Amino acid sequence: MQIERIAQWLQRMPRSGITQLECTLGQATLRVLLPSAAVPSARATTTVCANGFGIFHPLHPLQPQLGARIGRPVQAGEALGFIEVCGILTALPAPAAGTVKALCAAAGQSVQYGQALVQLESGA
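Structural notes on the sheet that holds strand β4 (residues 54–57)
1) Next: On the basis of which strands lie adjacent, the open sheet formed by four strands has the order β7-β6-β4-β9 and antiparallel pairing. Either end of the sheet is taken by a strand with one partner, and the two such strands are β7 (88–93) and β9 (110–111).
2) Next: Bridge count for β4 against strand β6 (residues 79–85) is three bridges, and the pairing is antiparallel. Bridging from a neighbouring strand, I55 pairs with E84 of β6.

So, the nonpolar core
1) Next: By size, the foremost hydrophobic cluster in this structure holds 15 residues, and its most contacted members are L80, V111, L117 and V118.
2) Next: For this core, the secondary structure elements donating two or more residues are β6 and β10 (116–122).
3) Next: For this core, the leading source of residues is β10, giving three residues.

Parameters at a glance
Each residue is numbered by its place in its chain's sequence as written, counting from 1. For a predicted model such as this one, the threshold for reporting local features is a pLDDT of at least 70, and the threshold for listing and counting side-chain atom pairs is 80 or more; totals across whole chains, interfaces and linings nevertheless cover every residue. Values shown for side chains rest on all heavy atoms present in the structure; no hydrogens or waters enter the calculation. When DSSP locates at least two bridges between a pair of strands, those strands are taken to pair. Helix and strand labels come from DSSP, where a helix needs a run of H or I of at least four residues and a strand needs a run of E of at least two; each type is numbered from the N terminus. Think of a nonpolar core as a cluster: buried Ala, Val, Leu, Ile, Met, Phe, Trp, Tyr and Cys residues, connected wherever their side-chain atoms sit within 4.5 Å. A 1.4 Å probe rolled over the protein chains alone gives each residue an accessible area, and that area as a share of the maximum for its type sets the label: buried under 20%, exposed over 50%, partly exposed in between.

Printed below as a string of structure tokens:
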């Protein structure tokens, strides 16, 4: 068994979620156990809530490429949707980079301050 190959496996273990590795060559056995803290946590889901009251629009009415679509990757600060009050749209910014996991409110729905609107998944 080559030491370089074992070193590659050891480097990949934390990223892959593997916590145990056992290699046997002849009568020699190498066993590696990672503590659970060394394994990255699962993806985190953040619920983004309304920053005001009004009518929720997941997509911008004039620029539909802006806003939330399930599965769409977003960067921190990008619009996850819009809240309309008296014909004026206010963007709902993403608090962090991630992927839109779910919409918690329907397009055109009246929303209140603090109401869940979008679930954003981020992490490893």
